[in-house]
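So you can see what is in the structure, the chains are spelled out below.
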Amino acid sequence: RPPAPEVTGIRGPAPSAIKESEPSQIAQSKISFEEKESAFETDKYIIVISNVGGSIKEIRLKDYDNLKSKEPLELVRIKNPNDYIFAVSDPLARALPATIEYDVDKKDGMIICSARAGDFEVTKKYLLHNSKQYIELQLFIKNISGSNRELSYLIIGGAGVTEASDQDKRF
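Residues numbered from 1 in each chain as written. Predicted model: local features only at pLDDT ≥ 70, side-chain atom pairs only at ≥ 80, totals over all residues. Heavy atoms only, no water.

Caption draft 1: Layout of the overall build of the chain. In terms of helices and strands, the chain carries one helix and ten strands. Scanning the chain from its N terminus toward the C terminus, one meets helices and strands in the order α-β-β-β-β-β-β-β-β-β-β. For the chain, long-range pairs separated by at least 24 residues make up 46% of all intrachain contacts whose partners lie at least 6 apart in sequence. Taken as a whole, the chain presents about 11,700 Å² of accessible surface, with 48% of it coming from carbon and sulfur. (Helix = DSSP H or I, 4+ residues; strand = E, 2+ residues; numbered from the N terminus. Contact = heavy atoms within 4.5 Å. Areas by Shrake-Rupley, 256 points an atom, 1.4 Å probe, with all protein chains shown as cover.)

Caption draft 2: The nonpolar core, seen in detail. If you look at the biggest cluster of nonpolar residues, it comprises 24 residues, and the most contacted ones within it are Ile47, Ile49, Ile56, Ile111 and Tyr126. For this core, the secondary-structure elements that each account for two or more residues are β2 (45-50), β3 (55-65), β7 (110-117) and β8 (120-128). Apart from the residues within four sequence positions on either side, Ile111 is in contact with Phe40, Ile47, Ile49, Val104, Asp105, Lys106, Lys124, Lys125, Tyr126 and Leu128. (Core = buried A, V, L, I, M, F, W, Y, C linked by side-chain atoms within 4.5 Å. Buried < 20%, exposed > 50% of the residue type's maximum accessible area, 1.4 Å probe, protein only.)

Caption draft 3: Local environment of the sheet that holds β3. Read across the open sheet, the four strands follow the order β1-β2-β3-β4; overall the sheet is antiparallel. Lying at the two open borders of the sheet, with one neighbouring strand each, are β1 (37-41) and β4 (72-77). Direction aside, the axes of adjacent strands within the sheet are offset by 20° on average. The pairing of β3 with β4 spans five bridges and is classified as antiparallel. When the sheet's bridge partners are listed, Leu61 is paired in β4 with Leu73. (Pairing = 2+ DSSP bridges. Axes fitted to C-alpha atoms, helices over the stretch in contact; angles between N-to-C directions.)

Caption draft 4: How the structure looks around the sheet that holds β8. On the basis of which strands lie adjacent, the open sheet formed by four strands has the order β6-β7-β8-β9 and antiparallel pairing. Either end of the sheet is taken by a strand with one partner, and the two such strands are β6 (103-107) and β9 (135-143). Shown here is a sheet whose adjacent strand axes are inclined to one another by a mean of 20°, direction ignored. One ladder, built from nine bridges, connects β8 with β9; its direction is antiparallel. Looking at β9, one finds that Glu121 is bridged to Lys142.

Caption draft 5: Unusual backbone geometry, seen in detail. Positive phi, close to 65°, is recorded for Lys70, a residue that is not glycine. Of note, Lys70 is situated in the loop between β3 and β4.

Caption draft 6: Quick look at the side chain of Thr42. By secondary structure assignment, the location of Thr42 is in the loop between β1 and β2. Side-chain polar atoms of Thr42 contact the backbone nitrogen of Lys44, separated by 3.1 Å. Other than its neighbours up to four places away in sequence, Thr42 contacts Lys62, Leu128, His129 and Asn130. (Polar contact = N/O pair within 3.5 Å; in protein donor to acceptor, adjacent residues only side chain to side chain.)

Caption draft 7: Representation of the packing of aromatic side chains in the model. Counting across every chain of the model gives one aromatic pair. Relative to Tyr126, the ring of Phe86 has its centre 6.0 Å away and its plane inclined at 45°; by these criteria the two rings are tilted. In this pair, Phe86 is assigned in the loop between β4 and β5 (88-89) and Tyr126 in strand β8, connecting sequence segments 40 residues apart. Here Tyr126 falls in the buried class, since its relative accessible area comes to 0%. Over the ring of Tyr102 we find Lys124, and its NZ or CZ is 5.0 Å from the ring centre. (Phe/Tyr/Trp six-rings, centres within 6.5 Å; stacked < 30°, edge-to-face > 60°. Lys NZ or Arg CZ within 6 Å of the ring centre and 35° of its normal.)

Caption draft 8: Summary view of the pairing of β6. As paired strands, β6 and β7 are joined by five bridges and run antiparallel to one another. In the sheet register, Val104 faces β7, and the bridge partner there is Cys113. Taken together, β6 and the strand that follows it, β7, pair antiparallel across an intervening segment of two residues, in which Asp108 is found at a positive phi of about 50°.

This is how it looks when you write it as structure tokens:
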């Protein structure tokens, strides 16, 4: 087995100086506007989309009841806007913070969320299927500057599923 190559010329904090909380602190953004929620409904589910990040905050399933309230089962209810489903952000929150304000509109059977952040225009198109239990997302990020711009981004997937009790976390 050949020896591992030697790596030189890389600078950064010593491993002991790196804290686990740093990435989440970098990604956290303060909201400077009022959050507005829009509820949309199909035969199968109800979703709530926030103008904060143009992302999904809540999902309730209509085919299943909450055992206590007999209301549609709450699948997702997320409190932190950075964790909303389909939140898009620059990992360092420089060019595209997850908590920018989006315009939320319904056109041609789609929910369209759009925003501008610096040199980028972001459009999220949600396609809700009336008789199916899934949601489609079409994501468009457009460079609106006059020159080339590089962008790395993160997108939050199907996170935030809630459990009625600690025992339910096993499943």
